[in-house]
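Each chain, written out:
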Amino acid sequence: DALNATRAAVQEGILPGGGTVLLHASKTLDKVAEAQTTQDLRVGVEIVQRALRRPCQTIANNAGLPGEVVVGKVLEGSDVRRGF
């Protein structure tokens, strides 16, 4: 099974894990937050952004890395197919 999974990943490409997809999704909410007409709505969008960023931060912290730094590095990148 593992061999077949590896072959499929090579053929189809590999989706980054570790919450990086969620991090990149959180970046798209910047424009949504700016477009909100009230402070309450902006805060709500920012709460969702923080929730989307938490899994990657937690994974990095559990691996002994500074989670906030890892999140920052991933968010700096523009290639959504690449993780940390």
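Structural data are supplied above this passage.
Since this is a predicted model, take the numbers as computed values, not measurements.

## Focus: the packing of helix α2 (residues 20–35) against helix α4 (residues 67–76)
Relative orientation of the contacting elements α2 and α4 amounts to 65°, with a least axis distance of 10 Å. The element α2 and its partner α4 pack so that their crossing is right-handed. Facing α2, whose interface residues are Thr 20, Leu 23, His 24, Ser 26 and Lys 27, α4 presents Val 71, Val 74 and Leu 75. Partitioned by chemical class, the residues of the contact of α2 with α4 number four nonpolar, three polar and one charged.

## Focus: the nonpolar core
Of all hydrophobic cores here, the largest spans seven residues; its members are Leu 23, Cys 56, Ala 60, Val 70, Val 71, Val 74 and Leu 75. For this core, the elements supplying multiple residues, two or more each, are α3 (39–62) and α4. By residue number, the principal contributor to this core is α4, which donates four residues.

## Examining the packing of α2 against α3
Each pair of packed helices can be summarised by the angle the axes make with each other and by the distance between the axes. Interaxial distance between α2 and α3 falls to 8 Å at its minimum, and their mutual angle equals 170°. With respect to each other, α2 and α3 are oriented roughly antiparallel. In this structure, α2 uses Leu 22, Leu 23, Ala 25, Ser 26, Lys 27, Leu 29, Asp 30, Val 32 and Ala 33 to contact α3, whose residues at the interface are Arg 42, Val 45, Val 48, Gln 49, Leu 52, Arg 53, Pro 55 and Cys 56. Of the residues assigned to the contact of α2 with α3, the class counts are eleven nonpolar, two polar and four charged.

Cut-off values and rules
- Each chain carries its own residue numbering, running from 1 in the direction its sequence is written.
- Whole-chain, interface and lining totals are the exception, using all residues; otherwise, since this is a predicted model, local features are given only for residues with pLDDT of at least 70 and side-chain atom pairs are given and counted only at 80 or more.
- Hydrogens and waters are ignored; side-chain quantities use all the structure's heavy atoms.
- Each axis is a line fitted through C-alpha atoms, and for a helix only the stretch in contact is used; angles between axes span 0 to 180 degrees, taken between their N-to-C directions.
- Numbered from the N terminus, helices here are DSSP runs of H or I no shorter than four residues, and strands are runs of E no shorter than two.
- Should the near helix be turned anticlockwise from the far one by less than a right angle, the crossing is termed left-handed; should it be turned clockwise, right-handed.
- Here a residue-residue contact requires only that any non-hydrogen atoms of the pair lie within 4.5 Å.
- Residues are grouped as follows: Ala, Val, Leu, Ile, Met, Phe, Trp, Tyr, Cys and Pro are nonpolar; Asp, Glu, Lys and Arg are charged; every other residue, Gly included, is polar.
- What makes a nonpolar core is a set of buried Ala, Val, Leu, Ile, Met, Phe, Trp, Tyr and Cys residues whose side-chain atoms join them at distances within 4.5 Å.
- Classification of residues uses two cut-offs on accessible area relative to the type maximum, computed with a 1.4 Å probe and protein chains only: under 20% is buried, over 50% is exposed, and between them is partly exposed.
- Working definition: roughly parallel below 35 degrees, roughly antiparallel above 145 degrees, roughly perpendicular at 65 to 115 degrees, and oblique for all remaining angles.

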